[in-house]
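# A look at the structure
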Amino acid sequence: LSDNEEKLELLIESKRVAAVVRLQDKLHPPQNSEDCPICLETIKHVNSTTLVRFYCCGGWICKQCGDEREVKYKADKIDKMYRG
């Protein structure tokens, strides 16, 4: 029973935190946000930890799309030409 209670508390807390983050973003929108050209998700607080940059063209994608791309092409070793 305590495991179920703990899961419920974690679910409630995660929903509360998400609501607070939404309110914060509504009241104080991030100054530097961009949309990922692949997944079209808005990337808040753009910096080197939220983006993957392509040095060949200066383009970028979000970290999640970059991680998925890296896994997909790791065996092909194609990404080496795009990274500095």
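Everything below is about the structure printed above this text.
Everything quoted here is computed from the prediction, not taken from an experiment.

About the cut-offs
Residues numbered from 1 in each chain as written. Predicted model: local features only at pLDDT ≥ 70, side-chain atom pairs only at ≥ 80, totals over all residues. Heavy atoms only, no water. Helix = DSSP H or I, 4+ residues; strand = E, 2+ residues; numbered from the N terminus. Buried < 20%, exposed > 50% of the residue type's maximum accessible area, 1.4 Å probe, protein only. Contact = heavy atoms within 4.5 Å. Core = buried A, V, L, I, M, F, W, Y, C linked by side-chain atoms within 4.5 Å. Salt bridge = Lys/Arg side-chain N within 4 Å of Asp/Glu carboxyl O. Arc of directions from axis to C-beta.

### Some thoughts on the environment of I61
Tracing the chain through its elements places I61 in strand β4 (residues 60-62). Overall, the relative accessible area of 4% leaves I61 in the buried class. When the C-alpha positions of I61 and E34 are compared, they lie 9.8 Å apart, and in sequence the two are 27 residues distant. If we skip the residues at most four places from it in the chain, I61 touches C36, P37, I38, T50, L51, V52, F54, G66 and R69.

### A closer look at the side chain of D25
Mapped onto the elements of the fold, D25 is located in helix α1 (residues 2-27). When neighbours within four sequence positions are excluded, D25 is seen to be in contact with P30 and K44.

### With respect to the nonpolar core
Membership of the largest hydrophobic core is limited to 9 residues, which are C36, I43, L51, V52, F54, W60, I61, C62 and C65. At the level of secondary structure, the elements contributing two or more residues to this core comprise β3 (51-53) and β4. Ranked by the residues each element gives to this core, the list is headed by β4, at 3 residues. Residues in contact with C36, not counting those within four places in the same chain, are E41, I43, W60, I61, C62 and C65.

### Brief notes about the pattern of salt bridges
Counted according to the given criterion, the structure contains 2 salt bridges. With a closest N to O distance of 2.7 Å, R16 and E13 form a salt bridge. One end of the pair is R16 and the other is E13, both in helix α1 and 3 residues apart, which spans about a single turn. E13 sits in the partly exposed class, given a relative accessible area of 36%. The shortest N-O distance in the salt bridge between D67 and K63 comes to 3.1 Å. Of this pair, D67 and K63 both sit in helix α2 (residues 63-73), separated by 4 residues, roughly a single helical turn.

### What to know about α2
Among the residues of α2, C65, G66 and R69 are the ones counted as buried. Looking down the long axis of α2, one finds its buried residues gathered within 100° of arc, a one-sided arrangement. Summarising the geometry of α2, the exposed residues directed more than 90 degrees from the buried face are Q64 and V71. If you follow the buried residues of α2, they end up packed against β3 and β4.

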